[in-house]
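So the chains spell out like this:
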Amino acid sequence: MKLKGFVAALLLIVAALPSVCATKGNKFIPGKDLTLIGKLMPTPDRYARVDTVKYDGFTDFQRRQLNQEPAGLALVFNTNSDRVLVNFDYKKRHHAYNGTDVASAGADLYIKRDGKWMYAGSGVPSAKGEPVTLVSAMAPGEKECLLYLPLRSIIDEVYVGVDSTAKIAPAANPFKGKVVFWGSSFTHGVSANRSGMAYPLQLQRATGLDIRSLGVSGNSKLQQSYARLLADTEADAFVFDAFSNPQAPEIRKNFDAFLKTIRAKHPTTPVIFQQTIYRGSRNFNTDNDQKEGAKMAAAEEMVRKAMETDPNVYIVYPVADPLGETCTDKTHPSDWGYYNWMESIRQPILDILAKYNIKTK
């Protein structure tokens, strides 16, 4: 009986240890043993962004696909390894005609150097399930790592590989001041070459803001389903790319109710609306130019009207394509375009946040 008790106790101890899988001189740590950042709120599925059981009103596509994608989520960890690898246990692996597999199904690694986040490597595991090396032959010493998850694929688990003799441990969230972004495929990062190049994530690294980004490609139309979810989210500020998907009549119909739902639980939290960007498809397509112009006019009208009675509502004006060269597919910016977008809103947003003493340190 004593032997059985000892064995049972030993099994409990082993079960409590971090899960490690070793292969070819590397060991792999599951993401559940590392720090996950970027989520609006906890969900039963660790890498889903929305609990679509708790919140209703979503379409089947939103429930099964968009809300489950880990875009904007990242793992943070410290390691002294000379290499970092990654693998995914996919539920659904995504390929996009207007984006790279690295962005849709891969990982994007940044390492802090002299206080700044520097690109370290990116890649996508093979179709046969083999891990990909993101970076190797690094100098000795501990590295603070930030690993962005895929934009469009749905995953059960991520596995971070390091040298078999190296240390790896979860790190504290390096970002401060919780700012919640919600919006269209632009906020989602569609057409970015890497998952970390979505404009909210570029802003995160550039400013140190703790950005929680919920991009829902093609589906941010000021709906009550997302308004209720956002209203339940703890946030120091909201930034909404809310006018890129709906047409002008939808903006006028849905805007007031959307803002009212947010204000019911966040009466004085700053709400920053972004005007939709100028799209390359407007240059010669007169029908599209008319629709986009009407959309921008409706957005300006509704936000300015709200600002007359709500001192905590703002509007900023992103610019992605100042030279007419960054559009990839008539709609979405390239990485350069998303960088331009980030830079164009960076100071205006920081100026607004400063009024509320929202700091990154």
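Here the structure is a predicted model, which is why all the values come from computation and not from measurement.

Participant: What am I meant to see in the confidence of the model for the protein chain here?
Facilitator: Predicted coordinates in areas of low pLDDT are best not read in detail. Mean pLDDT over the protein chain: 94, with 93% of residues reaching 70 or higher. Taken element by element, the protein chain is modelled with least confidence in helix α1 (residues 2-16), mean pLDDT 44, and with most confidence in strand β15 (residues 271-274), mean pLDDT 99. The model gives residues 6-18 a pLDDT under 50, and that stretch makes one contact with residues more than four places away or in other chains.

Participant: What exactly am I supposed to notice about the side chain of Asp321 here?
Facilitator: Mapping Asp321 onto the fold places it in the loop between β16 (313-316) and α9 (335-355). Despite its burial, Asp321 pairs with no opposite charge; the closest candidate is Arg279, at 11 Å N-O. A distance of 2.7 Å separates a polar atom in the side chain of Asp321 from the backbone nitrogen of Glu325. Sequence-distant contacts of Asp321, that is, excluding residues within four places in its chain, are made with Thr326 and Cys327.

Participant: How do you make sense of the sheet that holds strand β13 (residues 209-215) when you look at a structure like this?
Facilitator: Spatially, β13-β12-β14-β15-β16 is the arrangement adopted by the five strands of the open sheet, whose pairing is parallel. Each end of this open sheet is capped by a strand with a single partner; those strands are β13 and β16. The mean angle between the axes of side-by-side strands here comes to 20°, regardless of whether they run parallel or antiparallel. When β15 meets β16, the two strands line up parallel, connected through four bridges. Across the sheet, residue Phe273 finds its bridge partner in β16, namely Ile315. Where helix α5 (residues 199-207) meets the sheet, it contacts β12 (176-183), β13, β14 (237-241) and β15, and its direction lies at approximately 175° from that of β13.

Basis of the calculations
Residues numbered from 1 in each chain as written. Predicted model: local features only at pLDDT ≥ 70, side-chain atom pairs only at ≥ 80, totals over all residues. Heavy atoms only, no water. pLDDT = per-residue confidence, 0-100. Helix = DSSP H or I, 4+ residues; strand = E, 2+ residues; numbered from the N terminus. Contact = heavy atoms within 4.5 Å. Buried < 20%, exposed > 50% of the residue type's maximum accessible area, 1.4 Å probe, protein only. Lys, Arg positive; Asp, Glu negative; His and termini not counted. Salt bridge = Lys/Arg side-chain N within 4 Å of Asp/Glu carboxyl O. Polar contact = N/O pair within 3.5 Å; in protein donor to acceptor, adjacent residues only side chain to side chain. Pairing = 2+ DSSP bridges. Axes fitted to C-alpha atoms, helices over the stretch in contact; angles between N-to-C directions.

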